[in-house]
Each structure stands twice: as C-alpha cells, then as structure tokens.
Amino acid sequence: MRRAHLALLIGVLALAACGGETPTSDADTPPPTTAQATVTGVVTDSAGLPVSDVLVQPRSLDTPPHPVPELAVLSDQEGRYTWHLTPGHYEFSATKDDRTGPPSEVTTEAGRTDTLDLRLP
Amino acid sequence: MALASALLATIGLVSTASAGTPKGVELAASDTGGVTLSAAPSHRLRGVSGYEGAGAPSDVTAYGAQRVPSGHRITGYSSPTGDDLGVQSIIGADNRVRVNPTTSFPASATVLITRTVSGVERLHCTGWMFGASLVLTAGHCVYNQSTGWYTGQLKFYPGANGTTYPYGSCTAATLRSNTGWTTDGNPDADYGGASLNCSIGNTTGWYGAYWTTASLNGTSTTIQGYPGDKAQQQWTHTDQVRESGSLRLYYDNDTVGGNSGSSVHTVRASGSTGCAGHCSLAFHAYGVGSNGHNSGPRITESRFNLVIGWR
C-alpha cells in the first residue's frame, strides 16, 4: 500500500513537473484558438470625425480585477481599435496628446464581439 | 519542474544537484548553502550573466539587420505635455525617466517591437535581447488566443530612440512561447520570444537572467521599455518586488500599454553567483491586478531552462 502511495505521489509530481509549459512556436501545428471576448469600436472627436493613433486602454472593473495585458493598442486611420480580453466588465478610455475622453463601460462575453465607440474631447 | 524537483528532493528520491545545466549557465548552489535533502531545503539559485555588447555599429547590415533611416515613421501616441495618462498601471505619481541616448547597455539591448496591420506599422510591445539572435517578451506580444501567432507582422528595433534606430531592425525567423500560454491562456505563463533573422545581439549585448527558490521580496526591479504614450522613446522606472508568487512577481514600477514584454530586472554586483550585472527576474505583462500591483511571469527553473534552449 505504501509503495502504491509513493507511486501515486511520483505520478502527481511528474504532472506538476510538466507544469503545462511545453515550448511551442509558430513552426508547430497551431493550437486551437480560444474564444476570448472582443471589444471593438471607433474613436471620434467632438465633430464626430474618426481619430487615428489614439491609445485605447481598458481597466477591469470586476472584483477581483482581470489582468489586462500591457499592449499598445492604437486606433487605425478609420479610428477603429480592437481589444481581445478575458470576458468581464471593463472601462475603456481613449487618450491622445493632452486629451482624454470620458471612460465608457462594457460587459463582455467569451466569443462575442461588443462595440464600444469612444469619444475624444 | 522546480516544484517537482524540490518535492522529490524533500522526500529523498533524487538530488536536485544532479539536474542538467544548460550550456553556458553558471550553477550556484544557493545563497544560503548547498542543496540538501532535508524537509527544509535551502534556497537554490542559478543563472547566466549578460553581455554588454560591442557598442553602436557603423554598419548594422554586418549583423544581418536592416538599416532604418532616421525619421522612419512608426505610428504611436505621444503626449506633448507629458501629462499623466491617469491609467491604473501608473501607481501614484508618474516617476518614469527617459533613457537618452540608447546606445549604452542595457538600453541597447532593450527592444521596441512593432506590429504591422493593413500596411500600417504601430508600436506594439517591448522585448529584451537574451542572446545574439533571441528576443524575449510577453507571450501576448507574439501569440493571441483569438487570432493565433503574429507571424510576419512583427519587427524588432533594439535601442530605438524616438525617430532614430541605431541598431536598425530585424524580423523574426520563429516566434516562440509555451503551451501554458498558447493552449491554456494562463497569465502566469504569459512569456514568449522571437528568434531573429539577424545576430544584432552581438553588438547590442543581452541581459542576464536568474531564478531562485528564495523570496524576491524587496529586490529592486527596473522596467525599461517603450510605453505607448512616449513616441518610441525608451523610459525606465525602478521599484522593488512587492510580492513573490511562485510563478509571478508583483511590483509597483510605473508602466503603460506598450511596456508588455519588458525585462523586469535587477542589478547585481560583479561576482554575484548565478548572474551579475543586469539580471532579469520576470517578463513584464500586466497592469494593476487584484493586489494593487503590476506583474509579470517569474523566471523559474523550468522557464529559465526553456528560454536558454531557444538560444
């Protein structure tokens, strides 16, 4: 019995040793993509015109908050931005030069794309 | 592997001292003594020192890099007033300091990563040289759970300084990460890298790195990289480890989107065991979390061995 317990312990430890962190690369067969939440929208100015190169940053409003990757996500020429995030409740803000727009909130779900347009003053 | 090794050592089945040592890695028994097989094992530490490089080259093409003309446009946000963004990953006052010039180590080995989508190249992340042709960064800078690998979209500019690029640019031959990130999407495993089509690290130098089983609480942490509000300029801030998780470190360095992938490093005295000089402890990845600190995956024994294998 004691030997069986030891074998079980070794098995558990071997699994822990793997740690789920096998090296992988873009030369390997791609893993299946996971359904994250997607938030996309257009940043406009006070005249309603799209604004490019706006830094769009989310903040998790959940308790406890979800970790937010510190990527630089900037709006494109049409003012459009896209974030892929862990599903949850977020507040987004848009900043360019010395202007920061009012934050807007969105609650997201896995596999769903929510539209959240942002405004710069 | 670290957990298993420690536990196996504790129950007396194997000696952790017999673990294979990757090429070029200095093995240090511990900060506190040798490895023991007792119920209260000593802390272990292993690492590799960095290389300060050969200085700014007269011709980057000698290292396989592309020349980048001064003024080359990378789209990014800039704050002419330097106003605080008010984002949550600036903790308290914004205490970041600009690094200028960027041709001294470790600035030279700190890498601006851009991503080109629909023909427009934009600031994306930060990375750090860890060999002649290897850049390490956050996993989410090379692989997105929804869209997959960023193959063919990334460019790497070591030591970029606003609109000047003293080390040119390189592209990736291979993007790298681990299944903890690519399959499981585990933030604790959010690290990756890129093997470059150049050997620019021979002139930029590269960071060292080490792992230890000891707590790192109180160890100084410097994050040096390319925040999205600073127009491709390199900025730095120093704090300290506030919490040591087994797989993640927590600190209060001021960061902004774009700092992802920066080395979280400390400076160790010449002759220190394992790693001396600028030594990475973690990969910066996340803004303020549930405990009020910024964070990144910690360099553990298995992660250290994994990224050494990418060299």
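Residues numbered from 1 in each chain as written. Chains lettered and ligands numbered in written order. Predicted model: local features only at pLDDT ≥ 70, side-chain atom pairs only at ≥ 80, totals over all residues. Heavy atoms only, no water.

In the nomenclature of an unreviewed UniProt entry, chain B corresponds to Serine protease from the organism Saccharothrix carnea.

Looking at an unreviewed UniProt entry, chain A carries the name Carboxypeptidase family protein, with the source organism given as Saccharothrix carnea.

The helix and strand tally for chain A stands at one helix and nine strands. Element order for chain A, N to C, with α for helix and β for strand: α-β-β-β-β-β-β-β-β-β. The burial tally for chain A puts 42% of its 121 residues in the buried class. Sequence-distant contacts, at least 24 apart, represent 60% of the contacts inside chain A between residues at least 6 apart. In the form shown here, chain A has an accessible surface area of approximately 6,200 Å², with 56% of it arising from carbon and sulfur atoms. (Helix = DSSP H or I, 4+ residues; strand = E, 2+ residues; numbered from the N terminus. Buried < 20%, exposed > 50% of the residue type's maximum accessible area, 1.4 Å probe, protein only. Contact = heavy atoms within 4.5 Å. Areas by Shrake-Rupley, 256 points an atom, 1.4 Å probe, with all protein chains shown as cover.)

This next bit is on the overall build of chain B. Of regular secondary structure, chain B possesses four helices and 18 strands. For chain B, contacts bridging at least 24 residues in sequence account for 70% of all contacts bridging at least 6. For chain B, the accessible area works out to roughly 10,600 Å², and carbon and sulfur atoms hold 50% of it.

With the rule as written, the count across this model stands at 13 salt bridges over all chains. The shortest N-O distance in the salt bridge between Glu 109 of chain A and Arg 112 of chain A comes to 3.3 Å. We classify Arg 112 of chain A as partly exposed; its relative accessible area is 32%. Among the charged side chains, a network of salt bridges with common partners joins Asp 53 of chain A together with Arg 73 and Arg 122 of chain B. (Salt bridge = Lys/Arg side-chain N within 4 Å of Asp/Glu carboxyl O.)

Turning next to the state of the cysteines. All names here are of chain B. For the structure shown, the criterion picks out three disulfides over all chains. Each sulfur of the disulfide joining Cys 125 and Cys 141 lies 2.0 Å from the other. Judged by the sign of its S-S torsion, about -85 degrees, the cystine formed by Cys 125 and Cys 141 is left-handed. Taken as a pair, Cys 125 in strand β5 (residues 120-129) and Cys 141 in the loop between β6 (134-138) and β7 (143-144) lie far apart in primary sequence, 16 residues in all. No difference in accessibility class separates Cys 125 from Cys 141, as the two residues are buried. Bridging Cys 275 to Cys 279, the disulfide has an S-S length of 2.1 Å. The chirality of the disulfide connecting Cys 275 with Cys 279 is left-handed, given an S-S dihedral of about -100 degrees. Like Cys 279, Cys 275 is buried. (Disulfide = S-S within 2.5 Å.)

Residue and element names in this part refer to chain B. Summed over all chains, the structure comprises ten aromatic pairs over all chains. Between Trp 128 and Tyr 207 the ring centres are 5.8 Å apart and the planes differ by 75 degrees, which places this aromatic pair in the edge-to-face class. Separated by 79 residues along the polypeptide, Trp 128 in strand β5 and Tyr 207 in the loop between α3 (201-204) and β12 (208-212) bring together distant segments of the chain. Residue Tyr 207 is classed as buried on the basis of its relative accessible area of 1%. Seen from their ring centres, Tyr 143 and Trp 149 are 5.0 Å apart, and the 70 degrees between their planes marks the pair as edge-to-face. (Phe/Tyr/Trp six-rings, centres within 6.5 Å; stacked < 30°, edge-to-face > 60°.)

What follows covers the pairing of strand β4 (residues 110-117) of chain B. Residues and elements named next belong to chain B. Relative to β5, β4 is paired through eight bridges, and the arrangement is antiparallel. The residue bridging Arg 115 from the neighbouring strand is Arg 122, located in β5. In this structure, the hairpin formed by β4 and β5 is closed by a connection of two residues, where Ser 118 is found at a positive phi of approximately 55 degrees. Here β4 runs beside strand β9 (residues 154-158); their pairing, made up of five bridges, is antiparallel. Paired with Arg 115 across the strands is Leu 154, a residue of β9. (Pairing = 2+ DSSP bridges.)

Residues Tyr 81, Trp 83 and Phe 92 of chain A together with Phe 130 and Leu 196 of chain B are the most contacted members of the largest nonpolar core, which totals 63 residues. Residues Leu 112, Leu 123, Tyr 157 and Val 256 of chain B belong to the second largest nonpolar core, which totals 13 residues. (Core = buried A, V, L, I, M, F, W, Y, C linked by side-chain atoms within 4.5 Å.)

Within the secondary structure layout, Thr 110 of chain B lies in strand β4. With sequence-adjacent residues up to four places away left out, Thr 110 of chain B is seen in contact with Thr 126, Gly 127, Tyr 157, Pro 158, Gly 159, Tyr 207, Gln 224, Gly 225, Tyr 226 and Gln 234 of chain B.

So, about the environment of Ala 282 of chain B. Residues and elements named next belong to chain B. You can see Ala 282 is positioned in strand β17 (residues 277-283). On the basis of relative accessibility, which here comes to 0%, the residue Ala 282 falls in the buried class. What Ala 282 contacts, discounting residues up to four positions off in sequence, is Leu 249, Ser 262, Ser 263, Val 264, Gly 296, Pro 297, Arg 298 and Ile 299.

With that settled, the discussion passes to the environment of Tyr 167 of chain B. All names here are of chain B. For Tyr 167, the location among the structural elements is in the loop between β9 and β10 (170-178). Owing to a relative accessible area of 0%, Tyr 167 belongs among the buried residues under this scheme. Each C-alpha atom, one on Tyr 167 and one on Thr 204, is 7.5 Å from the other, the two residues being 37 residues apart in sequence. Reaching out from Tyr 167, the side chain makes a polar contact with the backbone oxygen of Thr 103 at a distance of 3.3 Å. (Polar contact = N/O pair within 3.5 Å; in protein donor to acceptor, adjacent residues only side chain to side chain.)

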